[in-house]
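Here is how the chains run, residue by residue.
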Amino acid sequence: MHSIDTTETATERPVYDATERTALLDIAARSITHGLAHQRPLDLDPHDYPEPLRAIRATFVTLEHGENLRGCIGVLEAFRPLVVDVARNAFAAAFEDPRFPPLRAAEYPELTLKLSVLTPAEPLAFDSEADLLAQIRPGVDGLILSDRRHRGTFLPSVWEQLPNPHDFLEHLKRKAGLPMGYWSDSLRVDRYRTESFGERISRLQQTV
């Protein structure tokens, strides 16, 4: 059996064991193949899965083709069972990410699937940008930045590209539609952690 890549794990202690991770990745893969055949996500019954996979959790599903991003869709607030969230977000990442055309069948075997399961977000209290930056934990925190109608998030994996907290925050402002250097007393920042893991489709097919 091939091991599951866990290089993006950002929680203190893994919640999901290797069997559960493989099951979640398999659900994501099957939802994409179902989408290729039927143009809709995989429909599944959460009661067919063990309790940890039925818990109400929020996830992001990221698809990579070679070294390139091929789709990333998720939710920030948990509102449905984990297995359902993974199935729906995998389908959306493959076919509904507005940055990319819908996935083609020929691309599927070369995909790498990455799942990020989010902890509940918690608000940060700060009275200045310096205070905020002092509280951010590089490599650990995912951030949700919002101000009135503007909102954006970076998963903890983005620290790999932006390891400096100041740069991380400035690029998150830009993602939220705010200018870099922006500051306001109404700015809100919440943080969360993720347990993230992934595998190439070609390897995953040999584990299930």
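Everything that follows concerns the structure shown earlier in this document.
Described in the following lines is the structure provided in the data block. (Residues numbered from 1 in each chain as written. Predicted model: local features only at pLDDT ≥ 70, side-chain atom pairs only at ≥ 80, totals over all residues. Heavy atoms only, no water.)

What follows is about the sheet that holds strand S5 (residues 142–147). What the four strands build is an open sheet, ordered S4-S7-S5-S6; its pairing is antiparallel. Across the chains shown, the open sheet's two edge strands, defined by having one partner strand only, are strand S4 (122–123) and strand S6 (150–154). As defined by bridge partners, S4 adjoins strand S7 (residues 188–192) across two bridges and the pair is classed as antiparallel. Each residue of the ladder has a partner; that of Pro123, found in S7, is Asp190. In this fold helix H5 (residues 165–175) packs onto S5 and S6, with an angle of close to 135° to the strand it touches most, S6. (Pairing = 2+ DSSP bridges. Helix = DSSP H or I, 4+ residues; strand = E, 2+ residues; numbered from the N terminus. Contact = heavy atoms within 4.5 Å. Axes fitted to C-alpha atoms, helices over the stretch in contact; angles between N-to-C directions.)

In this section: the packing of aromatic side chains. Applying the stated criterion across every chain, the model contains four aromatic pairs. Judged by centre distance (5.8 Å) and plane angle (55°), the rings of Phe126 and Trp183 are tilted. Residue Phe126 is located in the loop between S4 and helix H4 (129–135), and its partner Trp183 is located in the loop between H5 and S7; the two are separated by 57 residues in the primary sequence. When its relative accessible area of 30% is taken as the criterion, Trp183 is described as partly exposed. Look at Phe154 and Phe168: their rings are 5.3 Å apart centre to centre, the planes differ by 70°, and that puts the pair in the edge-to-face class. Taken together, the residues Phe154 in strand S6 and Phe168 in helix H5 connect sequence positions 14 residues apart. Neither residue differs from the other here; Phe154 and Phe168 are each classed as buried. An aromatic cluster is built from Phe154, Trp159 and Phe168, whose rings are joined through pairwise contacts. (Phe/Tyr/Trp six-rings, centres within 6.5 Å; stacked < 30°, edge-to-face > 60°. Buried < 20%, exposed > 50% of the residue type's maximum accessible area, 1.4 Å probe, protein only.)

Attention shifts here to helix H3 (residues 82–95). For an α-helix, the turn length of 3.6 residues means that residues three or four places apart are oriented alike. With 14 residues, H3 extends 20 Å from end C-alpha to end C-alpha; this agrees with the ideal 20 Å at 1.5 Å per step. Taken across its 14 residues, H3 has 13 buried, putting it largely inside the fold. (Expected span 1.5 Å × (residues − 1).)

Attention now moves to the pattern of salt bridges. All told, the structure shown has 15 salt bridges when counted by the stated rule. Its salt-bridge partner being Arg21, residue Glu195 comes within 2.6 Å of it at the nearest N-O pair. With a gap of 174 residues between them, Glu195 in strand S8 (residues 194–200) and Arg21 in helix H1 (residues 18–38) connect regions that are remote in the sequence. Of the two residues, Glu195 and Arg21, both sit in the buried class. Put simply, Glu129 and Lys173 hold a salt bridge, and the shortest N to O gap is 3.3 Å. Here Glu129 is found in helix H4, whereas its partner Lys173 is found in helix H5, with 44 residues between them in sequence. A single burial state applies to Glu129 and to Lys173, both of which are buried. (Salt bridge = Lys/Arg side-chain N within 4 Å of Asp/Glu carboxyl O.)

Turning to the layout of surface pockets, a few remarks are in order. Estimates place the volume of the largest pocket at around 660 Å³. Taken together, 22 residues line the largest pocket, and the ones lying closest to its centre are Thr62, Leu69, Cys72, Leu155 and Val158. Counting residues per element, the ones that place at least two in the lining of the largest pocket are strand S1 (58–65), strand S2 (68–74), strand S3 (111–118) and S6. Of all the elements, S2 adds the most residues to the lining of the largest pocket, at four residues. (1 Å grid on protein atoms, 1.4 Å probe; cavity = no way out; pocket = protein on both sides within 12 Å on 5 of 7 lines; lining within 4 Å. Points joined across faces, edges and corners; volume = space filled by probe spheres on them.)

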